[in-house]
Amino acid sequence: LYEDKEGGGVEENFAFQELSVPRRPAWTPGVTTAEELDQMENDTFLEWRRGVARREEQIAAMAFAKNGGGVAGASVTPYEKNLHVWRQLWRVLERSAVVLQIVDARNPLFYLSDDLRAYAMDELGKPMLMLVNKSDYLTEGQRRAWSEYFTKRGIDHLFFSAYDEQKKIDQAVAEAKKGMEVDELQQQQKIVSDDEEDSDADENDGGEEDEPSSKPQEAAAELEPAESLGDSIGVDRPLTREELIDTLDSFAKSHGCEPEEKFDNRIQYGMVGFPNVGKSSVINVLVGSSKAIHGGVRVAVAAQPGKTKHFQTLLLPDRSDMMLCDCPGLVFPSFVSSTADMIAAGVYPIAQMRDHWPVVSLICKRVPREVLNTHYGMHIPEPTKQELKEKGWTGKDLPPPTAEELLGTYCIVRSMLAAASGVPDYQRASRHVVKDYSEGKLLYCHSPPALKGDDSIMNNEEYQRETLTTAIKNTNNLKKKEKMEQAIEMAAAKKENMVDVEEDFDDFDAIFGDEIDRPTEGDKRGKSHKKIKQWGKKGRKLRNKDPYGCHSAPNDMLHSAAKEGSGVIINAGKYTRNGYTRANYAGAKSAAYGA
C-alpha cells in the first residue's frame with residue numbers, strides 16, 4: 001500500500017500513494033454549447049469523485065484483510081472538491097504552451113503529481129518542466145542527490161529560490177529609489193543656486209537626467225546577471241532570475257513551441273502546483289515586482305494556502321515573447337499515512353487543525369531535540385535511566401521528545417496558560433510550533449528514496465546531517481547559532497562516548513535515577529552555596545525565622561506563662577528584642593484561659 005512509485009521500498013517517516021486527476025471531457029469549439037459543456041463537466045467530475053471513493057474502499061478492505069483489522073491510518077487527503085477550481089486548472093493547461101509544475105524542495109515527491117504530468121504530456125501534448133522552489137533549504141550535495149533521482153526517472157527539473165531572488169529585487173529597488181532622491185535634491189539645489197539667465201539651460205539639463213531607466217520597476221528588471229553556472233539546472237547553486245528566464249525560453253524552443261498571435265506573439269507558460277509551494281512568489285520574481293513599488297503589477301502572496309482564487313495572466317517587463325499564467329493552488333488527491341503529513345506539509349490550513357497531537361509528534365520525530373531547545377530557548381526534560389529502561393530504549397542517543405514534553409515546556413517558558421484553569425494551553429502552543437515548521441524555521445528535508453540497484457544516492461543519515469548544516473547557516477541570531485553548533489557537537493560526542501544502559505539497577509539507582517552523580521559532603525561547594533541560606537544582609541541576625549510560632553517549638557516565655565496559670569497563650573504578634581509584642585493578649589483568637 002505504501003510503496004513508493006518506483007517500487008523501491010517503503011519510507012519510514014512519509015509514505016503515500018497518488019490518485020488520478022480529473023480530466024476535462026472532450027468538446028468541439030463552435031459545436032458544443034456552453035450548457036452542454038457544463039453538464040458534461042459536472043457528470044465527469046461526479047463520476048471521478050465516485051471512483052476515488054471506490055478506490056478508498058478497496059484499499060481500506062485490502063489493509064483490513066492484511067492487518068487483521070483497521071486501516072493502519074490510511075486515509076484520502078482532503079483534496080479539492082470544488083469543480084470551479086478544477087476548471088481553472090483545465091483552462092490553464094489548454095491555454096499554455098509549456099506547463100511548469102512547482103514543488104517544494106523540502107519534500108518534492110509529495111508535491112509532484114505524476115498523473116498530472118501524464119495528463120499534460122500524453123493527452124494534451126504539452127511539455128512539462130518541474131521547478132524545485134525553495135532550493136535554498138538544500139545544500140549542493142542534496143540538490144545533486146535529487147537531480148540524480150529525477151534524471152533517472154526522466155523528469156526535467158530546475159532548482160530555484162524565489163526568496164533569494166526577491167531579496168535582490170527589493171535591494172535593487174531600494175537603491176534605485178535612494179538614487180532618485182539624491183538626484184532630485186541635487187536638481188533643486190542647482191536650480192536655486194543658478195542665475196535666472198541660465199534657467200532655460202538648467203531645465204534642459206534636468207529633463208535629460210529624468211530618464212525612464214531610473215524608475216524602480218525597470219531597475220528591478222535590469223539586475224546584473226550572475227556568474228555562469230557549471231550546469232544549466234541549478235545544482236551548484238539555485239538559478240537566478242535571468243538564468244531561469246533564459247532556461248524556460250530554451251526549453252520551450254527545444255520542444256517546438258512557437259509564439260501565438262492571439263497572445264500578441266508570446267509563448268504562454270502555465271504555473272501549476274499545490275498550495276503554499278511559492279507559485280505566486282516565483283511569478284513576482286519573474287515579473288520583477290517588489291513591495292516597494294507602488295502601482296506595479298504584483299500577485300498577492302499570503303502565508304496561508306489557497307490565496308489565489310482564479311487564474312491570471314501576467315507579462316514580463318523585459319521579455320516581449322513570454323507570458324505567465326498563474327493557476328490557483330490545487331490539493332491533488334492521494335493516500336497518506338495520516339492527515340498530520342498534510343498539515344506539516346503546509347497544504348492544509350493550520351487554523352482548521354482539530355487534533356494537534358499527531359502533527360506535533362511527527363515534528364518531534366523529525367527535528368532533533370537540540371534544535372528544538374536552541375530555537376525556542378528552553379530545555380526539554382531528558383528521561384532518566386530508569387525511564388529509558390521502562391520504555392525499552394537500548395540506543396546510545398536519547399529518544400526524541402514526546403509531544404506533551406515539547407508543548408508543556410513551551411507553554412511554561414512562554415507563559416501560555418489558560419486564563420480560567422491555569423493549565424498549559426496546548427492548542428495555542430501547537431499552532432506556533434506547526435507554523436514554524438511549515439515556514440522552514442524548524443527545518444527538515446526529505447531525502448530521495450533509493451531506487452532498486454542504485455547505491456549512488458545519498459543515504460538518509462548523511463542527508464539529515466546536511467540539513468542541520470543548512471539550519472545553522474540560516475539562523476540569523478549569532479548567539480543562537482553558536483548555541484546550536486555547540487549543542488549538536490555535544491550530542492554527537494555524547495552519542496559516541498555513551499555506553500549502553502545497564503540491565504542491573506540497584507534500589508538507589510532506581511529511586512534517584514541520574515542523581516547518583518551529585519557531589520558528596522567532602523566535595524567543595526561553590527561561592528553561591530553559602531548565599532542560598534542567607535536571610536538577607538540587613539538585620540539578618542535579629543530576624544526570627546518563625547515570627548508567628550507555627551513552624552517551630554513554643555517560646556520559653558510562653559511556657560513560663562502557661563505554668564503560672566494564665567492559660568494557653570497563642571502567638572499573636574511579632575517577635576522583637578523584648579519578646580512578643582502581644583504576649584498576654586486576651587482576644588478570642590489569641591488566648592484560651594483555663595478554669
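Residues numbered from 1 in each chain as written. Predicted model: local features only at pLDDT ≥ 70, side-chain atom pairs only at ≥ 80, totals over all residues. Heavy atoms only, no water.

Undergrad: Mind showing me how you'd approach the packing of helix α9 (residues 241-254) against helix α10 (residues 279-287) here?
TA: For any two helices packed against each other, one specifies the crossing angle of their axes together with the interaxial distance. Relative to each other, α9 and α10 sit at 95°, their axes nearing to 9 Å. The angle between the axes of α9 and α10 places the two elements in the roughly perpendicular class. On α10, the residues that touch Arg241, Leu244 and Ile245 of α9 are Val285, Leu286 and Val287. Here the contact of α9 with α10 is built from residues that sort into five nonpolar, no polar and one charged. (Axes fitted to C-alpha atoms, helices over the stretch in contact; angles between N-to-C directions. Helix = DSSP H or I, 4+ residues; strand = E, 2+ residues; numbered from the N terminus. Parallel < 35°, antiparallel > 145°, perpendicular 65-115°, else oblique. Contact = heavy atoms within 4.5 Å. Nonpolar A, V, L, I, M, F, W, Y, C, P; charged D, E, K, R; others polar.)

Undergrad: So what exactly am I meant to see when it comes to the environment of Leu286 here?
TA: Along the polypeptide, Leu286 turns up in helix α10. With relative accessibility at 1%, the residue Leu286 sits in the buried group. Apart from the residues lying within four places of it in its own chain, the contact partners of Leu286 are Arg241, Leu244, Ile245, Met271, Leu316, Pro317 and Leu324. (Buried < 20%, exposed > 50% of the residue type's maximum accessible area, 1.4 Å probe, protein only.)

Undergrad: What exactly am I supposed to notice about the nonpolar core here?
TA: Within soluble globular proteins, side chains that are nonpolar tend to cluster in buried spots. Formed by 81 residues in total, the largest nonpolar core has its most connected members in Trp86, Leu89 and Leu116. Among the elements that take part in this core, helix α2 (residues 83-95) stands out by supplying seven residues, more than any other. In this structure Leu89 touches Leu116, Val272, Cys327, Leu330 and Phe332, once residues within four positions along its chain are discounted. Within the second largest apolar cluster, 30 residues are counted, among which are Ile380, Cys411, Ala429 and Ile472. (Core = buried A, V, L, I, M, F, W, Y, C linked by side-chain atoms within 4.5 Å.)

Undergrad: What should I look at first to understand the pairing of strand β3 (residues 98-104) in this one?
TA: One face of the sheet, then the other: side chains in a regular strand alternate in exactly this way. With seven of seven residues buried, β3 lies mostly within the body of the structure. Here β3 shows no split at all, with Val98, Leu100, Ile102 and Asp104 on one side and Val99, Gln101 and Val103 on the other all buried. For β3 and strand β6 (residues 267-273), the ladder comprises five bridges, and the chain directions are parallel. Along β6, the bridge assignment pairs Val99 with Gly270. Sheet analysis places β3 next to strand β4 (residues 128-133), joined by six bridges and oriented parallel. Opposite Ile102, over in β4, you have Leu131 as the bridge partner. (Pairing = 2+ DSSP bridges.)

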